Amino acid sequence: MAMSLTIATLIAQHLGSDWTAKADIDKETGRVWGWKLIGSEEKELHIGIGTVWNKAERLTISGTYPTEIDGNGQRQDYGSQAIRYNETRPSIEVSGTREPKAIAGEINRRLMPEYIRVLDEAKRRREQHRRYVGGVRAAVDPLAKASKYVKARTSQSGGEPYLDIAGPDHEFYGDVRLSSDGDVSLTLRGISIEVAESILR
């Protein structure tokens, strides 16, 4: 039984009434890389199905996890953070020749318990990050108004805000990083020894 969107749809139906399936298509080439099983959006259940390299009759099945843009403008994978030390992302292999109902049963029995555990931890870490960013943003504006040399910046959408420092003619520069609990990390570069001494006194 060759894997297809029709088979993926049947697997989804056996997982439950709120599951659907769609092809995972490369936007540039139009090539089908695999298939996605999408569960409750509220629970953010997303499972990918692909073929095992050099074993076309074998399927590899694993879950996906929420991501966000971090303070450096990089996409942060909360699933990776949620994986315990020396563990790998939950995944299973099954024979692609099995019936859709049997494959769905393997997903429920062998994949879902561990996948949901990691997914819940990933979502917890995401919410923690959002609270952190929200707290930092609340502290940025007051500090930005404290000096004409300070300007508020945000790395990218969803990124961590910070304050950029630039003196007249850029004779000194630096940044201010904040934590959600009110702690401030100040970096200044290019300042004179006299200014450094006055700060350290």
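Scroll up a little and you will see the structure.
Residues numbered from 1 in each chain as written. Predicted model: local features only at pLDDT ≥ 70, side-chain atom pairs only at ≥ 80, totals over all residues. Heavy atoms only, no water.

Engineer: Please clarify how the environment of Thr9 should be interpreted in this entry.
Structural biologist: Counting through the fold element by element, Thr9 comes out in helix 1 (residues 5–15). Relative accessible area serves as the criterion here: at 28%, Thr9 is assigned to the partly exposed category. (Helix = DSSP H or I, 4+ residues; strand = E, 2+ residues; numbered from the N terminus. Buried < 20%, exposed > 50% of the residue type's maximum accessible area, 1.4 Å probe, protein only.)

Engineer: How should the sheet that holds strand 3 (residues 46–52) be read in this particular structure?
Structural biologist: To summarise the sheet geometry, strands pair through backbone hydrogen bonds and adopt either a parallel or an antiparallel arrangement. Read across the open sheet, the 5 strands follow the order 1-2-3-4-7; overall the sheet is antiparallel. The open sheet has two free edges, formed respectively by strand 1 (20–25) and strand 7 (91–95), since each of these has just one partner strand. For this sheet, the mean inter-axis angle between neighbouring strands, taken without regard to orientation, is 25°. Direction of pairing for strand 4 (residues 55–63) relative to strand 7: antiparallel, over a ladder of 5 bridges. Residue Ile61 lies in a different strand from strand 7, and its bridge partner there is Ile92. Seen against the sheet, helix 1 touches strand 1, strand 2 (32–38) and strand 3 and runs at an angle of roughly 145° to strand 1. Along the sheet face, helix 3 (residues 100–144) touches strand 2, strand 3, strand 4 and strand 7 and points at about 170° away from the line of strand 7. (Pairing = 2+ DSSP bridges. Axes fitted to C-alpha atoms, helices over the stretch in contact; angles between N-to-C directions. Contact = heavy atoms within 4.5 Å.)

Engineer: It is not clear to me how the nonpolar core should be interpreted in this structure. Could you clarify?
Structural biologist: Grouped burial of nonpolar side chains is what soluble globular proteins tend to show. Ile11, Leu37, Ile47, Ile61 and Ile107 are the most contacted members of the largest nonpolar core, which totals 30 residues. Among the secondary structure elements, those contributing two or more residues to this core are helix 1, strand 2, strand 3, strand 4, helix 2 (78–82), strand 7 and helix 3. It is helix 3 that provides the largest number of residues to this core, a total of 9 residues. For Ile47, the contacting residues outside a window of four places in its chain are Trp19, Trp35, Lys36, Leu37, Ile61, Ser62, Gly63, Ile107, Leu111, Met112 and Tyr115. (Core = buried A, V, L, I, M, F, W, Y, C linked by side-chain atoms within 4.5 Å.)

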